[in-house]
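Chain by chain, the residues:
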Amino acid sequence: MRIALASDHAAYDLKAGIARYLAARAIPFDDLGCGPGETVDYPEYAAKAAERVQSGACDRAILGCGTGIGMAVAANKFKGLRATPCWSPFTAEVSRKHNDSNCLSVGGRTLGLDEALEIVRIWLETPFEGGRHARRVDEIKALEERNFKP
Ligand code: RB5
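Parameters at a glance
Residues numbered from 1 in each chain as written. Predicted model: local features only at pLDDT ≥ 70, side-chain atom pairs only at ≥ 80, totals over all residues. Heavy atoms only, no water. Helix = DSSP H or I, 4+ residues; strand = E, 2+ residues; numbered from the N terminus. Near = heavy atom within 4 Å. Polar contact = N/O pair within 3.5 Å; in protein donor to acceptor, adjacent residues only side chain to side chain. Areas by Shrake-Rupley, 256 points an atom, 1.4 Å probe, with all protein chains shown as cover. Nonpolar A, V, L, I, M, F, W, Y, C, P; charged D, E, K, R; others polar. Salt bridge = Lys/Arg side-chain N within 4 Å of Asp/Glu carboxyl O. Buried < 20%, exposed > 50% of the residue type's maximum accessible area, 1.4 Å probe, protein only. Pairing = 2+ DSSP bridges. Axes fitted to C-alpha atoms, helices over the stretch in contact; angles between N-to-C directions. Contact = heavy atoms within 4.5 Å.

1. Here's the deal with the environment of Gly56
Then step 1. Relative to the helices and strands, Gly56 resides in the loop between helix H2 (42–55) and strand E3 (60–65).
Then step 2. Along the sequence, Gly56 and Arg109 sit 53 residues apart, while their C-alpha atoms lie 30 Å from each other.

Structure follows, in structure tokens:
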């Protein structure tokens, strides 16, 4: 599984910690920024990562901003992205089991690094449950088609 990793300045340190975590476990990832000391606008970085997932260059994305909310809102504008802000082990687990999350979003101002890494671990390791949840995810995909305006 290859991960697209991106954050704004508010989650730069968290992103760096997540990059170290992934590297230590030999999980391939593309660090799409931002860089140290930069102040950036999060939608641009959500887009960089979402496009990697859309194109198939990466399988999933991990995003960070102050709260994890703005990045998820932006990533969810991209068809096929199911970006889930997660703030606890439980939300990370259910985002995978029920929502088939392919984009985790975490908050640099709301989580410590250890908490975030536990969320990342659970999100990476938890499979989608399928069954009735697959039907609901299919309904989300149908909404993407219904709302598509060229
Ligand atoms: C940046 O200051 C902050 O607004 C951003 O990181 C994020 O929290 C948006 O959702």
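2. Focus on the site of the ligand
Then step 1. Around the ligand lies a shell formed by Asp8, His9, Ala10, Tyr42, Cys65, Gly66, Thr67, Gly70 and Arg109.
Then step 2. Within the side chain of Asp8, one N or O atom sits 2.5 Å away from an oxygen atom of the ligand.
Then step 3. Between Gly66 and the ligand, the recorded distance is 2.7 Å, taken from a backbone N or O atom to an oxygen atom.
Then step 4. Its free accessible area being 290 Å², the ligand has 70% of it covered by the protein chains.
Then step 5. Residues belonging to the shell around the ligand are distributed by class as follows: three nonpolar, four polar and two charged.

3. Some words on the pattern of salt bridges
Then step 1. On inspection of all chains with the given rule, the structure shows eleven salt bridges.
Then step 2. Ionic pairing is found between Arg2 and Asp30, a salt bridge with its closest N-O pair at 2.7 Å. Of this pair, Arg2 sits in the segment before strand E1 (3–7) while Asp30 is found in strand E2 (residues 29–31), placing the two residues 28 residues apart along the sequence.
Then step 3. Taking the shortest distance from any N to any O, the salt bridge between Arg135 and Glu139 comes out at 4.0 Å. In this pair, Arg135 and Glu139 both sit in helix H6 (residues 132–146), four residues apart, roughly one turn of the helix.
Then step 4. Owing to a relative accessible area of 46%, Arg135 belongs among the partly exposed residues under this scheme.
Then step 5. Via salt bridges that share partners, Arg2, Asp30 and Arg52 belong to a single interconnected network.

4. Details of the sheet that holds E3
Then step 1. Read across the sheet, five strands follow the order E2-E1-E3-E5-E4 without closing on themselves; strand pairing throughout is parallel. Bordering the open sheet on either side are E2 and strand E4 (83–85), each of which pairs with just one other strand. Along the sheet, successive strands turn relative to each other by an average axial angle of 20°, direction set aside.
Then step 2. Judged from the five bridges that link them, E1 and E3 form a sheet pairing that is parallel. Within E3, the residue paired with Ile3 across the bridge is Arg60.
Then step 3. Across the sheet, helix H1 (residues 12–24) lies against E1, E2, E3 and strand E5 (103–107), angled at about 160° from E1, the strand it touches most.

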